[in-house]
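Commentary on secondary and tertiary structure
What follows is the residue order along each chain.
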Amino acid sequence: MDIWVTLILIIDVIVALCIIGLVLLQHGKGADVGAAFGSGSSGSLFGATGSANFLSRTTAVLAVVFFVTTFALAYLVTNKPRSSGGVIDAVKEQPQRPGLTSSPDASKSEDAAKSKANEVPK
């Protein structure tokens, strides 16, 4: 499952970078005004309107791929398979050591012995 998350995340980042590049390549609405004064180029690789259609369609396709991969990542991360049973079932029972008693009097005497052992002699 982790390999799918990593693969989809890599695809998501690559598509996002491609969308950024394509958006920066496209001409804005104000580019036509600049071309009227002689600063724009009239010929391009795809023709006058061919580049706008190609770039806008490619951007739209990449946007759809980006949304699909983002939703797939959200689904995979939030719906992890759960193990059967509860929290108590996951805890292993530890065997009790022989010789230790669970009476309160025994714990008090052990605490007193520990405190006397840690004292510094005068």
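On a predicted model such as this, the values are computed, not experimentally measured, just so you know.

**A word on the nonpolar core**
In globular proteins that are soluble, nonpolar side chains generally tend to be buried together. In terms of nonpolar packing, the biggest core is built from five residues, these being Val 15, Ile 19, Leu 22, Leu 55 and Leu 62. Secondary-structure elements contributing two or more residues to this core are α1 (2-25) and α3 (50-78). In terms of residue count, the dominant contributor to this core is α1 (three residues). Once residues lying within four places of it in the same chain are set aside, the contact partners of Val 15 are Leu 62, Val 65 and Phe 66.

**Description of a nonpolar patch on the surface**
A surface patch of nonpolar side chains, amounting to about 580 Å² of accessible area, comprises Ile 3, Trp 4, Leu 7, Ile 11, Val 61 and Val 65. Elements with a minimum of two residues in the nonpolar patch: α1 and α3. In terms of residues, the nonpolar patch owes the most to one element, α1, which gives four residues. On the secondary structure map, Ile 11 appears in helix α1.

**Side note on the packing of aromatic side chains**
Applying the stated criterion across every chain yields a total of two aromatic pairs. Geometrically, the ring pair formed by Phe 66 and Phe 67 is edge-to-face, given 6.1 Å between the ring centres and 70 degrees between the ring planes. When its relative accessible area of 26% is taken as the criterion, Phe 66 is described as partly exposed. Counting every residue linked through ring pairs, the aromatic cluster contains Phe 66, Phe 67 and Phe 71.

**Some thoughts on α1**
In this model, α1 (24 residues) spans 35 Å end to end at C-alpha, consistent with the 34 Å of a helix rising 1.5 Å per residue. Considered for burial, the residues of α1 that qualify are Ile 8, Asp 12, Val 15, Ile 19 and Leu 22.

**With respect to the confidence of the model for the protein**
In the predicted model, the protein carries a mean pLDDT of 75, and the fraction of residues at 70 or more is 45%. By mean pLDDT, the top-scoring element of the protein is α1 (94), and the lowest-scoring one is helix α2 (residues 31-36) (56).

**Considering the environment of Leu 73**
Turning to its location among the elements, Leu 73 is positioned in helix α3. By relative accessible area, which is 12% here, Leu 73 ends up buried. Sequence separation of Leu 73 and Trp 4 is 69 residues, and the distance between their C-alpha atoms is 8.9 Å. In this structure, Leu 73 is in contact with Val 5, Ile 8, Leu 9 and Asp 12, ignoring residues within four places of it in sequence.

Conventions used here
Residues numbered from 1 in each chain as written. Predicted model: local features only at pLDDT ≥ 70, side-chain atom pairs only at ≥ 80, totals over all residues. Heavy atoms only, no water. Core = buried A, V, L, I, M, F, W, Y, C linked by side-chain atoms within 4.5 Å. Buried < 20%, exposed > 50% of the residue type's maximum accessible area, 1.4 Å probe, protein only. Helix = DSSP H or I, 4+ residues; strand = E, 2+ residues; numbered from the N terminus. Contact = heavy atoms within 4.5 Å. Patch = residues over 30% accessible without salt bridge, like charges linked within 9 Å, V, L, I, M, F, W, Y side chains within 5 Å. Areas by Shrake-Rupley, 256 points an atom, 1.4 Å probe, with all protein chains shown as cover. Salt bridge = Lys/Arg side-chain N within 4 Å of Asp/Glu carboxyl O. Phe/Tyr/Trp six-rings, centres within 6.5 Å; stacked < 30°, edge-to-face > 60°. Expected span 1.5 Å × (residues − 1). pLDDT = per-residue confidence, 0-100.

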